[in-house]
Amino acid sequence: MAFWASPIWFSPDPQFCYPMRKKLQLVLLGLIGILVFSSCSSTRQMMNRYRSVMEIPEEEEPYPELTPRAKLLGELTAPRICYDVTFYDLNIEIDIDNRKIAGYVDFHALAVNDFTKLQFDLAKNMILDEVNYKGKTLSYVREEDAVFVIFPTVVSGTQFQFRVTYHGEPIEAKRPPWDGGFVWEKDKADRDFVGVACEGDGASLWWPCKDHPTEEPDSMAINITVPSDIMCVANGRLREKVETDVKTTYKWFVSNPINNYNVSVNIANYAVIADTIHSVTGIQPATYYVLDYNEAVAKEHFKEARDMMRSLEKFFGPFPWWEDGFKLVETPYLGMEHQTAVAYGNDFRIYDKSKTRSIYGFIDYITLHEIAHEWWGNSITACDGADVWLHEGFAMYSEVLYIEDQLGYPMSIHYLLELRPRIRNRRAIVGPRDEYFWGFEDAYNKGAWILHTLRGVLDDDNMFFGILKGFQQEFGSQIVCTEDLVEYINKVTGQDFKPFFNQYIFDRRPPTLEYSLSNDKLFYRYTGILPEFSMPINVLVNKNEVRLQPTTVTQTLTIPDYATVQIMDWEYLILKKENPELKEN
């Protein structure tokens, strides 16, 4: 939804003149800062107001203690790595009145190793009725949310299938989507409005699966039975609807890999809005499922999805899931990146901070952020919850890029500066792996800033945007760790960025740049860095850009007498600290 025409100051076109753009952007940054933020006497004061807030605590905060449940879900032990799930066939009936579910899941899998015991996962409060293999009931042992099943010997390379039948009252989310579970609400007309979200807590809260981020089936059937007076929307495409007077079964199918927490159901009195999006692959259909009384407002509001999709495809390549469709689905919680059925609960409002989350009042944060996850989180999926910054940091930087695309680079910088005070620096972004720890705290804002810093270090937008798009092309629909990203960047750039990521991702402290100014000299050095860390940084000397190579040793830049010097920390995540005691060595 656009309210004014705005020139696009960024273009990843290789023919675009980057140095000229950068100078123009700096001028525009000052102009927009003066016009939009008149309370600031200068752009520099505005930036300093934001920069001064980020702190690096003296003491590191410990990670959560490892619980038995987290250990069982987090570790890839022999009973888990012995098989690979290729297809799930989920079949459940949802009893809305009693807030219960019942049904079964057929696991189709490949034996990776010989085994006689495997583990799948199901919340301990759910009742497990039977595990059936080749018509025989198997014995099992339950420990927390893990289920250990005893099989007759299955030989490596064997394609096999087993069925898990279960029922129960799934956990109800206390604060969705941040707390996982079912959401049983009523709409404004006092009709049932049901959803489920479980990122961070695990899909095994409501359906049996191999509940680890590395486990994605190649495809999945989602067959949900609900009362006939209400609609159920799930991931993928609707293949069939089997109706009776009392109940209706909706048969949805996902043709591509999908991570477990993305599997979702949405139940409400929906209106169906058909739309089209001009994708780089051609004109593609889009479908929006909204509460029937919101049909009119949603038709207008979701027009913004067209611009968002076109912009994101420009940066990251084609939308990954056109084969399975693109849907926005109204939900009784704020939102979630459920693959091909993006959850939306942001109330269709603009310029209303009391009701919605927006960017500059008119860009719907939820629509943009959750669509971005279709690339970062759903197509490229983190190998462990500890690496979730690969989802959230990239999705947040997608917001920055969209603002840059629509409103210009200066406004994207302002947005980044708004994010920076929220960075906590209490723990390293990537925490302990194999412990079902999801490192959300700094994954969003700091993750976005790290990507922006990488862009500044490269000082080559063609290369930077080539990395974003190329990484999607090479690793789409795959599981990756942070190290895979680093290795890819090293390959493309021909440089070693491992020390960069060790500092920013595996250590909690951004670099501190200490500096002092005399009449004709700038003294500078890094503190708080790892021994192998090295990163250039640009400064403006009378508006001319100069690249420095700071180390832990004080260095000197000779400048014109009484020059105006600015450290360009709007392009780097650093803590800038004036130190009058710095002197030439």
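Summarised in this report is the structure supplied together with it. The model shown is predicted, which means the values in this text are computed figures rather than measured ones. (Residues numbered from 1 in each chain as written. Predicted model: local features only at pLDDT ≥ 70, side-chain atom pairs only at ≥ 80, totals over all residues. Heavy atoms only, no water.)

## Description of the pattern of salt bridges
Quick note on the threshold: What makes a salt bridge here is a side-chain nitrogen of Lys or Arg within 4 Å of a carboxyl oxygen of Asp or Glu, nothing more. Comment: elements are numbered from the N terminus, with helices defined as DSSP H or I runs of at least four residues and strands as E runs of at least two. Working definition: with a 1.4 Å probe on protein chains only, accessible area under 20% of the residue-type maximum means buried, over 50% means exposed, and in between means partly exposed.
Under the counting rule described, the total for this entry stands at 32 salt bridges. We note a salt bridge from glutamate 61 to arginine 426, for which the minimum N-O separation is 2.9 Å. On the criterion of sequence distance, the pair formed by glutamate 61 in the loop between α2 (43–51) and α3 (68–74) and arginine 426 in the loop between α9 (409–419) and α10 (445–458) is long-range, its members being 365 residues apart. Residue classification places glutamate 61 among the partly exposed residues on the basis of a relative accessible area of 27%. In this structure, a network of salt bridges that share partners links the residues Glu61, Arg426, Arg427 and Glu441.

## Some thoughts on the state of the cysteines
As a reminder, the rule being used: Cysteine sulfur atoms that come within 2.5 Å of each other are treated as a disulfide pair.
Following the criterion strictly, the structure yields one disulfide and no others. With no disulfide of its own, cysteine 198 lies closest to cysteine 209 among cysteine sulfurs, the gap being 8.1 Å. In this structure cysteine 198 comes out as buried when scored by relative accessible area, which is 1%. A disulfide-free cysteine, cysteine 232 has its sulfur positioned 15 Å from the sulfur of cysteine 198, the nearest such atom. In this structure cysteine 232 comes out as buried when scored by relative accessible area, which is 0%.

## Here's the deal with the packing of aromatic side chains
Quick note on the threshold: The pairing test for Phe, Tyr and Trp rings, Trp by its six-membered ring, is centres within 6.5 Å, and the orientation test on the planes gives stacked under 30 degrees, edge-to-face over 60, and tilted for anything in between. The rule is short: NZ of Lys or CZ of Arg within 6 Å of the ring centre and within 35 degrees of the ring normal puts a charge over the ring.
The tally for this structure, following the rule as stated, stands at 48 aromatic pairs. With centroids separated by 6.2 Å and ring planes inclined at 65°, the aromatic side chains of tyrosine 360 and tyrosine 415 adopt a geometry described as edge-to-face. Highlighted residues: tyrosine 360 in the loop between β21 (358–359) and β22 (363–364) and tyrosine 415 in helix α9, separated in sequence by 55 residues. The class of tyrosine 360 is partly exposed, set by a relative accessible area of 22%. Above the plane of the ring of tryptophan 178 lies arginine 175, whose end atom (NZ or CZ) is 4.5 Å from the centre. Against the face of phenylalanine 315 rests lysine 314, its NZ or CZ located 5.6 Å from the ring centre.

## Topic: the sheet that holds strand β29 (residues 555–558)
Sheet strands line up and pair through hydrogen bonds in the backbone, either parallel or antiparallel. Stated formally: Pairing between two strands is assigned when DSSP locates at least 2 bridges connecting them. For helices, the fitted axis covers only the stretch in contact; all axes are lines through C-alpha atoms, and the angles between them, taken along N-to-C directions, range from 0 to 180 degrees.
The strand order across the open sheet built from four strands is β29-β26-β25-β31, with neighbouring strands paired in mixed fashion. This sheet does not close on itself; its edge strands, each paired only once, are β29 and β31 (575–578). Recorded for the sheet is a direction-independent mean angle of 25° between the axes of neighbouring strands. When strand β26 (residues 521–527) meets β29, the two strands line up antiparallel, connected through four bridges. Note that in β29 the partner of tyrosine 524 across the bridge is glutamine 555.

## Notes on the pairing of strand β13 (residues 237–243)
Note that β13 and strand β14 (residues 247–254) share six bridges and pair antiparallel. Counterpart to glutamate 243 in the pairing with β14 is threonine 248. As consecutive antiparallel partners, β13 and β14 are separated by three residues.

## Here's the deal with the side chain of histidine 373
The condition that has to hold: A contact between two residues is defined here by any heavy atoms of the two lying within 4.5 Å.
Assignment of secondary structure puts histidine 373 in the loop between α7 (365–372) and β23 (380–382). Those residues in contact with histidine 373 that lie beyond four places of it in its chain are Glu337, Asn378, His391, Glu392 and Ala395.

## Notes on the packing of helix α8 (residues 389–407) against α10
Let me state the cut-off plainly: By convention, the crossing between two helices is left-handed when the near helix turns anticlockwise from the far helix through less than a right angle, and right-handed when the turn is clockwise. Think of it as three bins: nonpolar holds Ala, Val, Leu, Ile, Met, Phe, Trp, Tyr, Cys and Pro, charged holds Asp, Glu, Lys and Arg, and polar takes everything else, Gly as well.
Between α8 and α10, the shortest axis-to-axis distance is 7 Å and the interhelical angle comes to 65°. Where α8 crosses over α10, the handedness of that crossing is right-handed. Here Trp389, Gly393, Phe394, Met396, Tyr397, Leu401 and Glu404 of α8 lie close against α10, whose contacting residues are Asn445, Gly447, Ala448, Leu451, His452 and Arg455. In terms of residue class, the contact of α8 with α10 is made up of seven nonpolar, four polar and two charged.

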